[in-house]
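Each chain is listed here by its residues.
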Amino acid sequence: MPNRTILITGGAGFIGSNFIPFFLEEHRDVSIVNLDKLTYAGNLDHLEEVRNNERYKFVQGDICDAGLVGSIFNNDRITDVIHFAAESHVDNSIEGPEAFIKTNINGTFTLLEAARKHWLDTANRAKTGFETSRFHHISTDEVYGSLGESGFFNENTAYAPNSPYSASKAASDFLVRSYFHTYGLNVVTSNCSNNYGPKQHDEKLIPTIIRKALAGEEIPIYGDGKNVRDWLYVLDHCTGINAAFTQGKAGETYVVGGNNEHNNIFIAQKICAILDEVHPRQGGSYTEQITFVKDRLGHDFRYAIDATKIKTELDWRPKSDFDSGLRETVSWYINKYQKV
């Protein structure tokens, strides 16, 4: 993809700040403009390795700001969008859903409109130089709702979001789909399972377990700890996004999972066992700090991904096994929290 300038939204967040260094290394003739509002979840320190890269530019701003987004498309001649920016913490969406509606729905609409106006002359007819321009929307498996003890989400699963967060992401998915079917905008969507790895915000489950353990505090686990998630190492997700963006078929959706189903209590116990080994505490095991707390409202029981489509059509596979990925993650957070 020579001489392309890609707008990456939310690139200072967890997945984006892992993706940008990877993508710049993978594609040596691509430039990136990173638009991020720098809310509590954005951290430019996580992009220090690319800060002086001549093919990287950072712009602080809101994806809901149509004037700013339009000027970036014009001034930087944006050829593609990879859209990470989203409010994503379920607990926060329960306490204050309005920000999720604004960012996840209105922000996605603003970006789609900018892409439509700058890339298309009319519906289904691209402007010269933008014939292959693509809008890649990053979404979540939470739009599919909750599974029971068996079964898997795939690209044909009916949407059934259960939180304001997942409902807002579902709405944004539908907006992206509509711009393909109505205007012929070259879009692709990927819905991923739970990511883990370096650079994740402290509020999320795995960083919380590590942080609380090291601080000698109670490690809070919702309900009975038996809620199940499919865990995807963040760098494996980055390669999946790259595959869908560069090889995916316009208008298609690809679900991306790690094939690592574990419940929350297992995750907590596994992390504690790793910490007992690599950073032992005085007076016993970290598992003694695990505490069960009142369950989250509308807490989905189980998510699981059938990633057959992206594996067979795009030849993508996750490379990290869960044990090694979790060990690398624990090591990264030990180093982070010891610096504080």
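The rules behind these values
Residues numbered from 1 in each chain as written. Predicted model: local features only at pLDDT ≥ 70, side-chain atom pairs only at ≥ 80, totals over all residues. Heavy atoms only, no water. Helix = DSSP H or I, 4+ residues; strand = E, 2+ residues; numbered from the N terminus. Rg over C-alpha atoms; globule rule 2.2 N^0.38 Å. Buried < 20%, exposed > 50% of the residue type's maximum accessible area, 1.4 Å probe, protein only. Contact = heavy atoms within 4.5 Å. Pairing = 2+ DSSP bridges. Axes fitted to C-alpha atoms, helices over the stretch in contact; angles between N-to-C directions. Salt bridge = Lys/Arg side-chain N within 4 Å of Asp/Glu carboxyl O. Expected span 1.5 Å × (residues − 1). 1 Å grid on protein atoms, 1.4 Å probe; cavity = no way out; pocket = protein on both sides within 12 Å on 5 of 7 lines; lining within 4 Å. Points joined across faces, edges and corners; volume = space filled by probe spheres on them. Nonpolar A, V, L, I, M, F, W, Y, C, P; charged D, E, K, R; others polar. Core = buried A, V, L, I, M, F, W, Y, C linked by side-chain atoms within 4.5 Å.

Student: So what's going on with the overall build of the chain? Which residues, and what values?
Tutor: Helix and strand content of the chain: 10 helices and 14 strands. What you see for the chain is a C-alpha radius of gyration of 20 Å, in line with the 20 Å of a compact globule of 340 residues. With respect to the principal axes defined by its C-alpha atoms, the chain has extents near 70 × 45 × 40 Å. Here the chain holds 340 residues, and the buried ones make up 53% of them. Across the chain, contacts joining residues at least 24 apart in sequence account for 81% of those joining residues at least 6 apart.

Student: Which residues make up unusual backbone geometry, and what values go with them?
Tutor: A positive phi angle is found at N124, which is not glycine, with a value near 70 degrees. By the element assignment, N124 lies in the loop between strand 5 (120-122) and strand 6 (125-126). We note that K199 has phi near 80 degrees; this positive angle belongs to a residue other than glycine. By the secondary structure assignment, K199 is in the loop between strand 9 (194-196) and helix 6 (205-215).

Student: Would you mind going over the sheet that holds strand 8 (residues 187-192) in detail, with residue names and values included?
Tutor: Strand order in the open sheet formed by seven strands is 3-2-1-4-7-8-12, with parallel pairing between adjacent strands. The open sheet has two free edges, formed respectively by strand 3 (56-60) and strand 12 (253-256), since each of these has just one partner strand. Across this sheet, the average inter-strand angle for adjacent strands is 20 degrees, counted without regard to direction. Across the sheet, helix 7 (residues 234-247) touches strand 1 (4-9), strand 4 (80-83), strand 7 (135-140), strand 8 and strand 12, and the angle it forms with strand 7 is around 140 degrees.

Student: Describe in detail the pattern of salt bridges, supporting the description with residues and values.
Tutor: Applying the stated criterion to the full structure yields 17 salt bridges. Of the charged contacts, one joins E48 and R51 as a salt bridge, the two residues approaching to 3.0 Å between their closest N and O atoms. For the salt bridge of K212 with E217, the shortest nitrogen-to-oxygen distance reads 3.1 Å. According to the relative accessible area criterion, E217 is partly exposed, its value standing at 38%.

Student: Give a description of the sheet that holds strand 9 that names residues and reports values.
Tutor: Strand order across the open sheet formed by three strands is 9-11-13, with mixed pairing between neighbours. Strands with a single pairing partner mark the edges of an open sheet, and in this sheet they are strand 9 and strand 13 (261-263). Strand-to-strand, the axes of this sheet are offset by a mean angle of 50 degrees, without reference to chain direction. Sheet topology note: the strand 9/strand 11 (residues 228-233) ladder contains three bridges and is parallel. Considered in strand 11, the bridge of Y196 is made with Y233. The strands touched by helix 7 are strand 9 and strand 11; relative to strand 11, the strand with the most contacts, the crossing angle is about 75 degrees. In the packing of helix 8 (residues 264-278) onto the sheet, the strands contacted are strand 11 and strand 13, and the crossing angle to strand 13 comes to about 85 degrees.

Student: Help me get a handle on helix 7, residues and values and all.
Tutor: In this model, helix 7 (14 residues) spans 20 Å end to end at C-alpha, consistent with the 20 Å of a helix rising 1.5 Å per residue. Summarising burial for helix 7: 10 of the 14 residues are buried, a large majority. Turning to helix 7, its buried residues are V234, D236, H237, C238, G240, I241, N242, A243, A244 and F245.

Student: Got a sec to walk through the layout of surface pockets? Specific residues and values, please.
Tutor: Estimates place the volume of the second largest pocket at around 300 Å³. Taken together, 16 residues make up the lining of the second largest pocket; nearest its centre are E155, Y159, R177, G251 and T253. Secondary-structure elements contributing two or more residues to the lining of the second largest pocket are helix 5 (164-183) and strand 8. Considering each element in turn, the lining of the second largest pocket owes the most residues, four residues, to helix 5. Partitioned by chemical class, the residues of the lining of the second largest pocket number six nonpolar, five polar and five charged.

Student: Account for the nonpolar core, with residues named and values stated.
Tutor: Formed by 24 residues in total, the largest nonpolar core has its most connected members in I206 and I271. Of all elements in the fold, only helix 6, strand 10 (219-222), strand 11, helix 8 and helix 10 (322-339) reach the threshold of two or more residues within this core. In terms of residues, this core owes the most to one element, helix 8, which gives seven residues. Look past the residues within four positions of I271 in its chain and what remains in contact with it is I206, I209, I210, L326 and V330. In this structure, V59, L120, F130 and V187 belong to the second largest nonpolar core, which totals 23 residues.

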